[in-house]
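# Chains, contacts and geometry: an overview
Each chain, written out:
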Amino acid sequence: MIQDLSDWLGISGRSTLEQPRITLAILMGETPDYKPTLNLPKTSFPMKANLAQAEPATLARWQSADIAEAVASARAGAPPFVFHDGPPYANGSIHVGHLLNKVLKDIVVRSVGMEGRNCHYIPGWDCHGLPIEHRVMTTLVESGKAAKIDTLSDDHRRMAIRRECAAYATKQIKAQSTQMQRLLTLADYENPYFTMQPEYEAGTLEVFAGLLERGFVFRQLKPVHWSIANQTALAEAELEYEDRVDPSIYVDFEAADRAKVDAVFGVECECTPSFMIWTTTPWTLPANLAIAVHPTHHYALVELDGALTVIAAEMLAKVTTLVGATAVKSLATVLGSALVGLEYRHPFCDRTGRIVAADYVTMEDGTGLVHTAPGHGDDDYRTGLREGLEIYCPVQGDGTFDATVPQWLQGKIVWDANGLVVEHLRTSGHLVHALDFTHSYPHDWRSRTPVIFRATEQWFIGVDRPAVGAGARTGESLRSMAMDAVNNSIKFVPQWGHSRMKGMIENRPDWCISRQRAWGLPIPAFRTSDEGIFMTAASVRAVAQCVRTKGSDAWFTRAPSELLASYDAASDPDAPKTLKLDQLTKLYDIFDVWFEAGSSWNSVLRHRGVGFPSELYLEGSDQHRGWFQLSMLPALGVVGSAPFRTLVTHGFLVDRDGKKMSKSAGNALDVDVLLKDFGAEVARWWVSSVAYDGDIRIDLDYFKVAGESYRKVRNTLRFLLSNLYDAPSWSESEVIALACASASESIDGWLMGELVALETEVRAAYSDYDFRRAHLALFNFCNETLSSVYCAAVKDRLYCDAAASPRRRQTQAVLRTAVEVLVRLLAPFLPHTAEEAWMALRGANAPLLFVQTHLDLAARGGRLTTRDARWKDVMLARSAVSKALEGAKSLGIENPLDAACTLPDAHGTLAPFASELADLCGVSQVKLDATAQVVTIADLRSLPRCDRSWRRDGTVRQRSDGGMLCDRDAQSVGV
RNA sequence: GCGCCAGUAGCUCAGCUGGCUAGAGCACACCCCUGAUAAGGGUGAGGUCGAAGGUUCGAGUCCUUUCUGGCGCACCA
């Protein structure tokens, strides 16, 4: 609604449009140029961030000034915040997952530091293990060195490999460290921890000694992939799957007691029935101890060409066709569970086995009755453990049978045994059918020979064994302690981590901690002269002492007596009575790398005096099963409590379609490219914006978005800084006091209220690890509160008021306070940019931003600590004006300074703000009207425009210098 | 197959214990400014809330099933 100008002014009779005096200047056609008289913005803080070049410079400055050390000493006496880095594996270039993880951690380190806490963050690396050994071995094989190494003695061979691995790991760590520092992360990179450091290894052995002492450690048979050619256990990564032809045989196992089978099926058999099994590894039959059936599938007793056989009902047709049976008659059917407990006679070993139930039995291949040899299969092994069967493995390391099998098999190698077994079964009448079967079969990646599954002795940490001896929580098992910790003492962020980890702990099996490799920390066990095992808590501690100074290489280069130099059998209650140290020989199992990483709370937090427990562990959600759990179990066993109070997990990065990232799929983003194209700050800004608790989509486009948003924040900072070039050099407390003294009804007062709220909100979000919330609050504050509202409103007074006018100075005090607050709040996300702004504000010799703490305006702001609720109406009025102005454009009022507006103010709520409304709405004049219903716009284009402020506020007239100026500008210029 | 999680405008996300016409930012369209200018401002158009059932006076919000995707585990005798 547009009113006539004279109506609006309410001065229709008396015109303010006086005939201006015609000055000489105007006669001469000269208009004074007022631009030089304005206080236009000026700053050294550039609009263009140029991050790809500027960040490395900042980094170099930080490194040469050792800011990690500077921050540490500044916080020396402050309350500690213990935060512990989970060690990434020292292999390969860092990927975007590392970027996410390390930046999130750095945000914690820096935000906690800004709160004044002392956070000594030590970065770590996981160094041992198969991926490195595998990679090194591949190189050695390719270069032909492996053959030479193989000719060395065991200790020398292992040392040769270990030296290569250590060199490789060291190189990887160096490269990764550089990349992580390039992400502008703040950590003690001068003193990182590596799991291969001697002191670290000693710390790991101490943990192991503690577990041994509490009775959690035991040795037991377990099937592993075994290379006959190399006489070693192999890990999954060392296997290559190739097609292989094996005999596929169907075998009848005769029931031990006909009457019991009769009873189960409710029929009377005329001859002894059999259970038909299927296998493609006939050589494992000598180790058969059981037959597994599925408890809820149906099994039929059938007459097959005169013989009675039990077979899964579902498999009947398939099997009879295959074996070519002509007369098939099903006599009765029962559930698998009914068969459980029945016994059968082993076809060629003098013993009986029994039927057991197993859920993993499928109806895809075979007969639905699964040959079970606990010494030769993982499933079989678990079934065996559950059923209390012996983990029987008659096959020796060289692939031959021992003396426990029938004589015709003794000493035969398993591959020859296949044929022998088949022939034997054929002769004895147990073989129902045999054919060749081609399947994918694991092979040793080095010798290219097929591997076998063979039970070997391994070390375990039992999760259900009660703690024994003196110490915390005697009688409790690791599982029960872990359940207690998960349920009662650990805080999970996000919350669902609780149920996830609980489920995992409920189900986890005993922890197999031994590996048969060279690149790792040896399990310091010895073999005694009478073939026993010697390893006690005290002996492990003695070896730990040796390792502390000489490293774990000592195990390979020293004699047992040297390794046990500090061991005193007399004072070791667990020492075997007949112990003869000089007759010990070393065993060569190494620790699962998870055990090493899982001991970091001891090797790093306790040994280096950082503090225990850690306030926080922060890793990807895969670590619920990994590092979190495998750190918690040893700590519970040794200390009785978890090594962390809070677990924060982040999800995994997926591509824009939600698909997993992988190099092979070609959807992986290269960190170096991101840093080059966007800079670490934009990457960090993106990380801070992400909802990290679930899957995180990542794409170049999202970095573009983050870059835009970063620029917005940067430009807002720039605007603030650029209007402070001539501000008095207030001290921090002076400027805060001045800013906080802003009148509640002033734009400055409003901004101060918003600023206090922002500081409170962002700090709370940081402490909740809700970085996204902090990010959004900061962005909205810069984008909306500052850029769109405050800066726009305050421009006029900053540019046009006399430089030293109280009103302008007041606003400058608020601007300065806003920068002080923002720079601190932004520092955890954007350390480089925040510091850049900080130095633009305080000069290059300013004290280090990262040793500052938050201003804590809420505690210092007096009446501004809460927002003034009256501003809500003012802001509503402001947006109503925006809309009205939009409508006025069609009438030719395109520039808001050409407009005046009337605001309805029935209850006088706007009245106290009257003097600020024109600036706030960006128009030349505002009038309040108690009777108006809607905002109305008036066209001021026929009023003279101030040459300096471009406003048409009704006071514009020609001044002594010949220019058309409003009162305020005339005063500013002094005419 | 099992456990945990997610699925709301083109994109990233808010929507608490179920209740007015489902919100924000970005992107987009149109416009303004040219004294934050390889900047700044305004307005606007975008959604059958993965799908199907159910509970309820009423569901994006609760229950069941299902689809898609992620993490972890198990499995191929």
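Fair warning: this is a prediction, and the values are worked out from it, not measured in the lab.

### Points about the overall build of chain A
Within chain A, the secondary structure is distributed over 34 helices and 32 strands. Relative to the 2.2 N^0.38 estimate, which gives 30 Å for 975 residues, the radius of gyration of chain A is 40 Å and therefore markedly larger than a compact globule would have. Principal-axis analysis of the C-alpha atoms gives chain A an extent of 130 × 70 × 55 Å. Every one of the 975 residues in chain A was classed for burial, and the buried ones make up 55%. A total accessible area of about 40,400 Å² is found for chain A, and carbon and sulfur atoms account for 52% of it.

### A closer look at the packing of helix H6 (residues 130-143) against helix H8 (residues 154-182)
Between two packed helices, both the angle of their axes relative to each other and the distance between the axes serve to describe the pair. Here H6 crosses H8 at 110 degrees, and the two axes come no closer than 9 Å. In terms of orientation, H6 lies roughly perpendicular with respect to H8. Two packed elements cross with a definite hand, and for H6 against H8 that hand is right-handed. For the pair formed by H6 and H8, the contact residues are Ile132, Glu133, Arg135, Val136, Met137 and Leu140 on the first element and Ile161, Glu164, Cys165, Tyr168 and Ala169 on the second. Residue composition of the contact of H6 with H8, by class: eight nonpolar, no polar and three charged.

### So, the sheet that holds strand S4 (residues 217-227)
Pairing in this open sheet of four strands is antiparallel, and the strands run S5-S4-S16-S18 from one edge to the other. Each having just a single partner strand, strand S5 (232-234) and strand S18 (511-512) make up the two edges of the open sheet. Pairing analysis gives three bridges linking S4 to S5, with the strands arranged antiparallel. The residue of S5 that forms the bridge with His225 is Leu234. Helix-sheet contacts for helix H13 (residues 378-387) involve S4 and strand S16 (452-461), and the interaxial angle to S4 is about 155 degrees.

### Quick word on unusual backbone geometry
Look at the link from Val493 to Pro494: it is a cis peptide, with omega at -5 degrees. Its place among the elements puts Pro494 in the loop between strand S17 (491-493) and helix H16 (497-507). The step from Phe612 to Pro613 runs through a cis peptide bond, and the omega angle for that step is -5 degrees. Mapped onto the fold, Pro613 is located in the loop between helix H21 (600-606) and strand S24 (614-620). Here Asp66, not a glycine, exhibits a phi torsion of approximately 45 degrees, which is positive. Following the sequence through the fold, Asp66 ends up in the loop between helix H3 (51-65) and helix H4 (67-74). The residue Leu184 is not glycine, and still its phi comes out positive at about 70 degrees.

### A closer look at the environment of Ala255
Structurally, the position occupied by Ala255 is in strand S6 (residues 239-255). Since its relative accessible area comes to 1%, Ala255 is described here as buried. Each C-alpha atom, one on Ala255 and one on Leu841, is 91 Å from the other, the two residues being 586 residues apart in sequence.

### What to know about the confidence of the model for chain A
Looking at chain A, the pLDDT average stands at 90 and 96% of residues meet or exceed 70. The low-confidence segment residues 9-25, where pLDDT is below 50, has 18 contacts with residues more than four positions distant or belonging to other chains. Per the prediction output, this complex has pTM 0.90; the corresponding ipTM is 0.93.

### Quick notes on the protein's contact with RNA strand B
Lining the immediate environment of RNA strand B, one finds 53 residues, of which Val370, Arg382, Arg711, Arg718 and Arg772 sit closest. When atoms of RNA strand B within 4 Å of the protein are split into backbone and base, the sugar-phosphate part holds 75%. The separation between a phosphate oxygen of RNA strand B and a polar side-chain atom of Tyr702 is 3.3 Å. For the surface near RNA strand B, the class distribution of residues is 17 nonpolar, 14 polar and 22 charged.

### Observations regarding the sheet that holds strand S20 (residues 526-527)
Here we have three strands laid out as an open sheet, ordered S21-S20-S22, and antiparallel in their pairing. Of all the strands in the sheet, the pair left with one neighbour each is strand S21 (533-534) and strand S22 (585-586). Pairing geometry for S20 and S21, over two bridges, is antiparallel. Within S21, the residue paired with Arg527 across the bridge is Ile533.

### Describing the pattern of salt bridges
As enumerated under the stated definition, the model contains 60 salt bridges in all. Measuring nitrogen to oxygen at the nearest pair gives 4.0 Å for the salt bridge that ties Asp154 to Arg157. Remark: Arg157 and Asp154 occur in helix H8; sequence separation between them is three residues, near one turn of the helix. Here Glu708 ties to Arg711 by a salt bridge, and the two come within 3.0 Å at their closest N and O atoms. Placement of the pair is Glu708 and Arg711 together in helix H25 (residues 700-722), with a separation of three residues, close to one helical turn. Since its relative accessible area comes to 45%, Arg711 is described here as partly exposed.

### With respect to the environment of Ser915
Residue placement: Ser915 occurs in helix H33 (residues 914-921). Between the C-alpha atom of Ser915 and that of Ala813, which follows or precedes it by 102 residues, the distance is 20 Å.

### Thoughts on helix H17 (residues 537-550)
Taking 1.5 Å per residue, 14 residues should reach 20 Å; H17 reaches 20 Å between its end C-alpha atoms and fits that length. Buried residues belonging to H17 abut helix H9 (198-213), S20, S21, helix H18 (554-557) and helix H19 (560-563).

### Quick look at the side chain of Thr279
Structurally, Thr279 is set in strand S7 (residues 274-279). Look at Thr279 and you get buried, because its relative accessible area is 5%. Polar side-chain contacts of Thr279 include one of 3.1 Å to the backbone nitrogen of Thr281. Once residues lying within four places of it in the same chain are set aside, the contact partners of Thr279 are Pro247, Ser248, Ile249, Thr284, Leu285 and His371.

### Let's talk about the packing of aromatic side chains
In this structure the tally under the stated criterion is 32 aromatic pairs. Geometrically, the ring pair formed by Phe253 and Tyr344 is tilted, given 5.2 Å between the ring centres and 40 degrees between the ring planes. On the criterion of sequence distance, the pair formed by Phe253 in strand S6 and Tyr344 in strand S12 (residues 343-345) is long-range, its members being 91 residues apart. The two residues Phe253 and Tyr344 agree in class, both being buried.

### Examining the packing of helix H27 (residues 747-767) against helix H29 (residues 806-826)
With their axes 10 Å apart at the nearest point, H27 and H29 run at an angle of 10 degrees to one another. Judged by the angle between their axes, H27 and H29 are roughly parallel. Across the interface between the two elements, Asp748, Leu751, Met752, Leu755, Leu758, Glu759, Val762, Arg763 and Tyr766 of H27 pack against Gln810, Thr811, Val814, Thr817, Ala818, Val821, Leu822 and Leu825 of H29.

### A closer look at the pairing of S4
Relative to S16, S4 runs antiparallel, the two being bridged by ten bridges. When the bridges of S16 are listed, Arg219 appears paired with Trp459.

### Quick word on the pairing of S7
The buried count for S7 comes to six of six residues, which makes it a mostly enclosed element. Because side chains alternate across S7, one face comprises the buried residues Ser274, Met276 and Trp278, and the other comprises Phe275, Ile277 and Thr279, equally buried. Here six bridges tie S6 to S7, and the two strands are oriented antiparallel to one another. Bridging from a neighbouring strand, Val251 pairs with Ile277 of S7. With two bridges connecting them, S7 and strand S10 (residues 307-312) associate as parallel partners. Within the sheet, the bridge partner assigned to Phe275 lies in S10 and is Val310.

How each quantity is defined
Residues numbered from 1 in each chain as written. Chains lettered and ligands numbered in written order. Predicted model: local features only at pLDDT ≥ 70, side-chain atom pairs only at ≥ 80, totals over all residues. Heavy atoms only, no water. Helix = DSSP H or I, 4+ residues; strand = E, 2+ residues; numbered from the N terminus. Rg over C-alpha atoms; globule rule 2.2 N^0.38 Å. Buried < 20%, exposed > 50% of the residue type's maximum accessible area, 1.4 Å probe, protein only. Areas by Shrake-Rupley, 256 points an atom, 1.4 Å probe, with all protein chains shown as cover. Axes fitted to C-alpha atoms, helices over the stretch in contact; angles between N-to-C directions. Parallel < 35°, antiparallel > 145°, perpendicular 65-115°, else oblique. Left-handed = near helix turned anticlockwise from the far one by under 90°. Contact = heavy atoms within 4.5 Å. Nonpolar A, V, L, I, M, F, W, Y, C, P; charged D, E, K, R; others polar. Pairing = 2+ DSSP bridges. pLDDT = per-residue confidence, 0-100. Near = heavy atom within 4 Å. Polar contact = N/O pair within 3.5 Å; in protein donor to acceptor, adjacent residues only side chain to side chain. Salt bridge = Lys/Arg side-chain N within 4 Å of Asp/Glu carboxyl O. Expected span 1.5 Å × (residues − 1). Phe/Tyr/Trp six-rings, centres within 6.5 Å; stacked < 30°, edge-to-face > 60°.

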